[in-house]
Amino acid sequence: LARNKKKEDAEYGTLLYNKYLRLGFKCPKYKRSVWAISKASIPFYRDGITPGTEEGTKWVQVDGIIDKLSVSISGTVWAIMHDKVFYRSGVTPNNEQGTAWTPVEHTFSVDMLEAGGNCLWVYGRDNMLYVRSGMGFHSSSTNLTRIGSGWASTASPTSPSGVTDMAITAQDDLFVLTDDNKLFKRDGCTQSCSEGVSWAKCALPRLGGGGFLGLGAAPEVINIAGGLEHLWAVTDSHEVWRAPYAGIITERSWERIPGQKMVYVCPSMCDKEISWGINNRDQMFVRTSPQVGRYEWLRQGTIMFRTVTVGVMLEYMLPSEKPNQP
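All values derive from a computational prediction rather than experimental measurement. (Residues numbered from 1 in each chain as written. Predicted model: local features only at pLDDT ≥ 70, side-chain atom pairs only at ≥ 80, totals over all residues. Heavy atoms only, no water.)

Caption draft 1: Summary view of the sheet that holds strand β16 (residues 183-187). Within the open sheet, the four strands sit side by side as β14-β15-β16-β17. Their pairing is antiparallel. One side of each edge strand has no neighbouring strand; the edge strands of this open sheet are β14 (163-168) and β17 (198-202). In this sheet, neighbouring strand axes are inclined to one another by 30° on average, regardless of whether the strands run parallel or antiparallel. (Pairing = 2+ DSSP bridges. Helix = DSSP H or I, 4+ residues; strand = E, 2+ residues; numbered from the N terminus. Axes fitted to C-alpha atoms, helices over the stretch in contact; angles between N-to-C directions.)

Take a look at the structure:
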């Protein structure tokens, strides 16, 4: 198990190292960050997560009444409260709960949000998609600008409408799910063009006879989430599926994940197998590997939850150093 963990951590460490060092800036060392919202809209973060304890040790309550949370792979915790965007100030590897919720200026009402490493996407109640500009590394500074400086819209006649969920990958690619059960990917997103240039339609899982992937009707998808190598999805029958990003244009690229029936999942950005999820009784689980080569869903605590988000807590060091776990 320890060897597997080291390999998975090395995969993600290499991804981050290459991404940031390629730009000529500092590279990170990191640890995982898990936040969740209870049925009473109270935020919690998961304490005690280490390379050897993926599930952590306890839930710690944080102040506020929150509608939506998203933790980025650069460690920033974003939230929606009363249709407004906030970020959690004071969050560090030694103080994961931070100190206060700080508002971000905008003129539109927000329905949902999703954070990446160099981007923040929000869907407004005006049915428009917006992306936060000015985030990430810039040539004028070696510091990470985590909060950004403005907003850009993706408004066009071909923009998806009726968005019901969003997902961002470890590479900052955006996927959106619409109320007519269609999946789209935003192409052309770069650091210099965070809003992207066009939309591409992708495939969702399709069920054939006997419940196998085939030529039958597509089940309704109620939740999508981006992981290290796969896009994950939950159907209205509470089945969990995933597909590799490279093959997501075909139905047969999707595979079903056995085990617990879920209504909400959020995979880890640090490896391709581990995911957090909530079942239809509002119970929190983590899909981990208590035995080498075998993954199963394990319940985490007794608090009733409605959403969970998994990100990364980064620390920064010189480009000559190698990324590793703190």
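Caption draft 2: The side chain of E114, seen in detail. Looking at where E114 falls in the secondary structure, it is placed in strand β8 (residues 110-115). In this structure E114 is buried but unpaired, with K68 as the nearest side chain of opposite charge at 4.1 Å. Apart from residues no more than four positions distant in its own chain, E114 is found in contact with K68, S70, L120, W121, M166, A167 and I168. (Buried < 20%, exposed > 50% of the residue type's maximum accessible area, 1.4 Å probe, protein only. Lys, Arg positive; Asp, Glu negative; His and termini not counted. Salt bridge = Lys/Arg side-chain N within 4 Å of Asp/Glu carboxyl O. Contact = heavy atoms within 4.5 Å.)

Caption draft 3: Quick look at the pattern of salt bridges. One pass over the full model with this rule turns up 10 salt bridges. Put simply, E239 and K261 hold a salt bridge, and the shortest N to O gap is 3.7 Å. Note that E239 is positioned in the loop between β19 (230-235) and β20 (240-244) and K261 in the loop between β21 (255-257) and β22 (262-267), a separation of 22 residues in sequence. According to the relative accessible area criterion, K261 is partly exposed, its value standing at 41%. Among the charged side chains, a network of salt bridges with common partners joins R242, E255, E273 and R287.

Caption draft 4: Quick peek at the side chain of R242. Mapping R242 onto the fold places it in strand β20. The exposure class assigned to R242 is buried, which follows from its relative accessible area of 7%. At 2.6 Å, the side chain of R242 forms a polar contact with the side chain of E255. Of the polar contacts made by the side chain of R242, one reaches the backbone oxygen of K272; its length is 2.8 Å. With near-sequence residues (within four places) excluded, R242 lies in contact with H230, L231, W232, S253, W254, E255, I257, K272, E273 and R287. (Polar contact = N/O pair within 3.5 Å; in protein donor to acceptor, adjacent residues only side chain to side chain.)

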